[in-house]
Amino acid sequence: MKHLLSINDLSVEEIAHIFETASEMHDVQKREVKKLPVLRGRTVVNMFFEDSTRTRSSFEIAGKWLSADVINISAKGSSASKGESLRDTVLTVCAMGIDGLVIRHPASGAAHQVSQWVDAAVVNAGDGMHEHPTQALLDAYTLQRRLGSLAGRHVAIIGDLTHSRVFRSNIQCLTKLGAEVTVVAPPTLMPSGIDSWSRTAGFATSYDVDAVLPQADAVMMLRVQRERMAGGFFPSAREYTVGYGLTRDRLRLLKPDAPICHPGPMNRGLEIAADAADAAQSVVLEQVSSGLAVRMSVLYHLLAGEES
Ligand code: CP
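Let me sum up the structure you'll find in this document. (Residues numbered from 1 in each chain as written. Predicted model: local features only at pLDDT ≥ 70, side-chain atom pairs only at ≥ 80, totals over all residues. Heavy atoms only, no water.)

Of the volumes computed, that of the largest pocket is approximately 400 Å³. Forming the walls of the largest pocket are 22 residues, and the residues nearest its centre are R104, R165, R223, G264 and P265. Of the residues contributing to the lining of the largest pocket, the split by class is 4 nonpolar, 8 polar and 10 charged. (1 Å grid on protein atoms, 1.4 Å probe; cavity = no way out; pocket = protein on both sides within 12 Å on 5 of 7 lines; lining within 4 Å. Points joined across faces, edges and corners; volume = space filled by probe spheres on them. Nonpolar A, V, L, I, M, F, W, Y, C, P; charged D, E, K, R; others polar.)

Right, let's get into the pairing of strand β5 (residues 154–158). β5 sits mainly inside the fold: 5 of its 5 residues count as buried. Neither face of β5 is exposed, since H154, A156 and I158 on one face and V155 and I157 on the opposite face are all buried. The pairing of β5 with strand β6 (residues 180–184) spans 5 bridges and is parallel. Residue pairing across strands places A156 opposite T182, the latter belonging to β6. Regarding the hand of the β-α-β motif, the stretch spanning β5, helix α6 (residues 165–176) and β6 is right-handed. Looking at chain direction, β5 and strand β8 (residues 218–221) are connected through 4 bridges and run parallel. Within β8, the residue paired with A156 across the bridge is V219. (Buried < 20%, exposed > 50% of the residue type's maximum accessible area, 1.4 Å probe, protein only. Helix = DSSP H or I, 4+ residues; strand = E, 2+ residues; numbered from the N terminus. Pairing = 2+ DSSP bridges. Right-handed = clockwise from strand over helix to strand, strands pointing away.)

Moving on: unusual backbone geometry. That bond from G264 to P265 is cis: its omega, -10 degrees, falls within 30 degrees of zero. For S67, which is not glycine, the phi torsion reads 75 degrees and is therefore positive. With respect to the helices, strands and loops of the structure, S67 is situated in the loop between α2 (54–65) and β2 (69–74). A relative accessible area of 16% means that S67 is categorised as buried.

Near the ligand, the surroundings consist of S52, T53, R54, T55, R104, H132, Q135, P263 and G264. At 2.9 Å, a backbone N or O of R54 approaches an oxygen atom of the ligand. G264 has a polar backbone atom sitting 3.1 Å from a nitrogen atom of the ligand. Of the residues belonging to the shell around the ligand, the class tally is 1 nonpolar, 6 polar and 2 charged. (Near = heavy atom within 4 Å. Polar contact = N/O pair within 3.5 Å; in protein donor to acceptor, adjacent residues only side chain to side chain.)

Attention now goes to the sheet that holds strand β1 (residues 43–48). The strand order across the open sheet formed by 4 strands is β2-β1-β3-β4, and the pairing between neighbours is parallel. Unpaired on one side and paired on the other, β2 and β4 (121–127) mark the two borders of the sheet. Strand-to-strand twist in this sheet, taken as the mean axis angle between neighbours without regard to direction, amounts to 15 degrees. Relative to β4, strand β3 (residues 100–105) runs parallel, the two being bridged by 5 bridges. Across the sheet, H105 pairs through a bridge with D127, a residue of β4. (Axes fitted to C-alpha atoms, helices over the stretch in contact; angles between N-to-C directions.)

Here the focus is the environment of A179. Considering the arrangement of structural elements, one finds A179 in the loop between α6 and β6. In this structure the C-alpha to C-alpha distance between A179 and L150, which are 29 residues apart in sequence, comes to 5.2 Å.

Here you go:
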């Protein structure tokens, strides 16, 4: 594995290998001294052109716990704000001899484009509405720890599908691992072409949350991405919640042990009620700690050398 740009780059065996290493990395979180020497002498740059809490901080902690030198660059505060192009910015940083570049960018395909320009290993930390592969890996890893094998398990993905890179990466990851996936959204937030895509990729679509929830072994709520919406995709927040939110009433439709996932950040009271976000079966914070373990594993496999 030279880069991690898309879930499509990974075989089922490679995903299993990442999860095995993540499981070992997870134990580091319980140690008093949270440090492994495996990336000593490597330098990782986190370059974020979009805001982030979870992804940026977990990649930073992951690199540091693996003993890499880590620096963070964001659009604000870098020469990108003076008009420097993405190509010039990444070539400048890579001219300093870095080993890994973790990049988030609002343009779909940006990480792939960057990987063509540089020798460093590139990790896609979210490119526009396209992909967020480490999010999908951490989601599947979290669910596997809760449910065991995902083969034949039914996962419902509900919410703003149109704008979601998390959904696009998760569809690939979950179906690769044998899960049965049903995606649910209002008609205005179903991506165009989803009928032919769902037939090819082997997942189901629905507009009826109440019919899907009782069948689900796990539910993944997606954030309504208001910052990517130019027009009105639904009449009002209240109507979205009534039609598609995981409300307190809908919690009763779920199997009692079905994990509730949300990639974060959550719009509490819009796509997910506080009762659901904080329910005993919510794994939202578990996703965050799994995310750190999975990102440690990804950096290790990309940067530790031949033996990884
Ligand atoms: N899930 C996710 O990507 O969160 P951040 O935007 O906080 O990184």
